[in-house]
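Here is how the chains run, residue by residue.
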Amino acid sequence: MCINSSVSIPSNSFCRKRPSKRHNIRVRRLNRWRRLRKEAGTKKMVVGIKTDMQMKNLKLYMENQSIIEENEKLRKKALLLHQENQTLLAQLQKKFSNPQNHF
């Protein structure tokens, strides 16, 4: 029933208040603002994670490069040692293959 009316009108008629459009617009704006704020927060998080991953990737890359350089140095040393070993082995075989050096 309407408060200011003197005549009894059924409750489902015009006296009901309709939701104001202004309220509806405010709620939509607020929801939109909240959604955008939340998305911006997750983007910041994603950007932070992305930069963290890039830094970790860079550190691993640099570590790999140093390991590769060390590996190449060790390979060169191993090659030199192998060559020295081969020459010493050849000298040893030559020494024992000569019959005059036995006694």
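Please read all numbers here as calculations on a predicted model, not as lab measurements.

### Observations concerning the overall build of the chain
In terms of regular secondary structure, the chain is built from 1 helix and 0 strands. Within the chain, the fraction of its 103 residues that count as buried is 1%. Here the chain has roughly 11000 Å² of accessible surface; of this, 58% comes from carbon and sulfur atoms.

### Here's the deal with a nonpolar patch on the surface
Nonpolar side chains collect at one region of the surface, where M55, L58, Y61 and M62 lie side by side and expose about 430 Å² of accessible area between them. In this structure, M55 sits in helix 1 (residues 21-97). M55 sits in the partly exposed class, given a relative accessible area of 46%.

What counts, and where the lines are drawn
- Residues numbered from 1 in each chain as written.
- Predicted model: local features only at pLDDT ≥ 70, side-chain atom pairs only at ≥ 80, totals over all residues.
- Heavy atoms only, no water.
- Helix = DSSP H or I, 4+ residues; strand = E, 2+ residues; numbered from the N terminus.
- Buried < 20%, exposed > 50% of the residue type's maximum accessible area, 1.4 Å probe, protein only.
- Areas by Shrake-Rupley, 256 points an atom, 1.4 Å probe, with all protein chains shown as cover.
- Patch = residues over 30% accessible without salt bridge, like charges linked within 9 Å, V, L, I, M, F, W, Y side chains within 5 Å.
- Salt bridge = Lys/Arg side-chain N within 4 Å of Asp/Glu carboxyl O.

Don't take any of this as a statement about function, it's just geometry.
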